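Observations on the three-dimensional arrangement
Here is how the chains run, residue by residue.
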Amino acid sequence: MSLTSELASRRSPLAAWCERTFTGTAAVVEQIATAVREVRPVRPAGEVPPRWWAETGGAFGQRVADLVQPAPPYYALLGMIHAKWVSPAWAHDQAARYPSHQDLTGEHRARALHLRPAAATWLDLGGAGESHRPGNPAIEAAWADFLERGRAYLARHAPAGTLGSPGAEAGLARLSWLLTACEDVYRSGLVDDRLARLFDAGQPTADQLRGLVAQRQVDELTTLARQLHERGILWELRKLAGNPGPGTPLGIAGPTIVPHWADADLLLCSIDPDHGIDARGGTLVDVKTVVSVRDTGKVGRWLWQVLLYAWLDTADLYRIRRVGLLLGRHGILVTWPVDELAERLLGCRVTGDDARDAFHDIAGQIITGHGLSWPVI
């Protein structure tokens, strides 16, 4: 059970501790509600099926991840393995072809899917003893063509830190949607019926794969991307990353805080290849695509989560100094210094240091109980 699952479970001792401890949560949620009060959120055009919301949210999150860093779609590749479309070796080879991983060599290249960039170093997520079963060569060829076209399209039309033209963003919306559908295979264990029918009919082409996405969903995702520019969010993201030059990553997409237990969405920062994240530190951001932020329980858990991510970085690997939420449908980015958000959520009942120590005690028991390694303090 991940940190996200723990916070959503009524039976979790961690969720219960957060409820007791973060007595100022409602006031912070109200601050967010106030920030979006005059904003009309982007909504679907007409009635949509229930799965639309998660699909759009996942695809938008993937697009923002590509904006920050051209890294492998880790969980999409794992989903392809889970669906038995591809072999682990094929997935590692594909991961090694992304700009963030392309300088890996030898044994590291052969394990690229398990390696995550972290500041000036790498995190190895293990994976020893994984199956060496073969994939389906025809399906591997189809996905290889699709992914290669996606990498080339991003590099040509929307390099790191930039948005493309409306036409280019429509193409990237289709790419992001397909990657999200593959990630869902890993998360849920189920293959989307539209993908299943396409593969059951034979070897699909890249155009057939891209054609699975409804045009109005493409239009909605294109609108969400355009809003990043129109509402100044792209400028804010670039500023938090130190205003790098064109084509330079804005930080780390999908930073791993605790391997196999806590993965965030984005870390915005300036990284020196030799010295890591600069002295200003990084801003950890989670991406959300809800229409309303009035649900104190739901939004409160998001706030707890980004704060707890910062507290879990006990070795200060990512130098997390700010945390926040990117509300995609509103085009709003809300961030706080870590200590300020802790003080607001705690409602001044206990000090941040005491609360952090108590959290470490509870989280440590949960993490080690899952057989995972507790971060070094």
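What you are looking at is a predicted structure, and each value in this text was computed from that prediction instead of being measured.

**What to know about unusual backbone geometry**
With a phi angle near 55°, Ala-119 is a residue other than glycine that sits in the positive phi range. One non-glycine residue with positive phi stands out, namely His-260, at about 70°. Here His-260 shows up in the loop between strand S4 (256–258) and strand S5 (262–263). Look at His-260 and you get exposed, because its relative accessible area is 52%.

**Quick look at the nonpolar core**
With 64 residues, the main nonpolar core has Met-80, Trp-85, Trp-143, Phe-146, Leu-178, Leu-195 and Leu-326 as its most contacted residues. Looking at which element gives the most residues to this core, the answer is helix H9 (residues 166–188), with 10 residues. Apart from residues lying up to four places away in sequence, Leu-178 is in contact with Trp-143, Phe-146, Leu-195, Leu-209, Arg-210, Leu-212 and Val-213. Counting residues in each nonpolar core, the second largest holds 58 residues, with Trp-17, Phe-22, Ile-257 and Ile-320 among its members.

**Some points on the layout of surface pockets**
Reported here for the second largest pocket is a volume of approximately 630 Å³. Lining the second largest pocket are 23 residues, and of these Gln-69, Ser-100, Ala-119, Pro-249 and Ile-271 lie nearest its centre. Secondary-structure elements contributing two or more residues to the lining of the second largest pocket are strand S1 (115–118), strand S2 (121–124) and strand S3 (251–253). Here the lining of the second largest pocket is built from residues that sort into 15 nonpolar, seven polar and one charged.

Parameters at a glance
Residues numbered from 1 in each chain as written. Predicted model: local features only at pLDDT ≥ 70, side-chain atom pairs only at ≥ 80, totals over all residues. Heavy atoms only, no water. Helix = DSSP H or I, 4+ residues; strand = E, 2+ residues; numbered from the N terminus. Buried < 20%, exposed > 50% of the residue type's maximum accessible area, 1.4 Å probe, protein only. Core = buried A, V, L, I, M, F, W, Y, C linked by side-chain atoms within 4.5 Å. Contact = heavy atoms within 4.5 Å. 1 Å grid on protein atoms, 1.4 Å probe; cavity = no way out; pocket = protein on both sides within 12 Å on 5 of 7 lines; lining within 4 Å. Points joined across faces, edges and corners; volume = space filled by probe spheres on them. Nonpolar A, V, L, I, M, F, W, Y, C, P; charged D, E, K, R; others polar.

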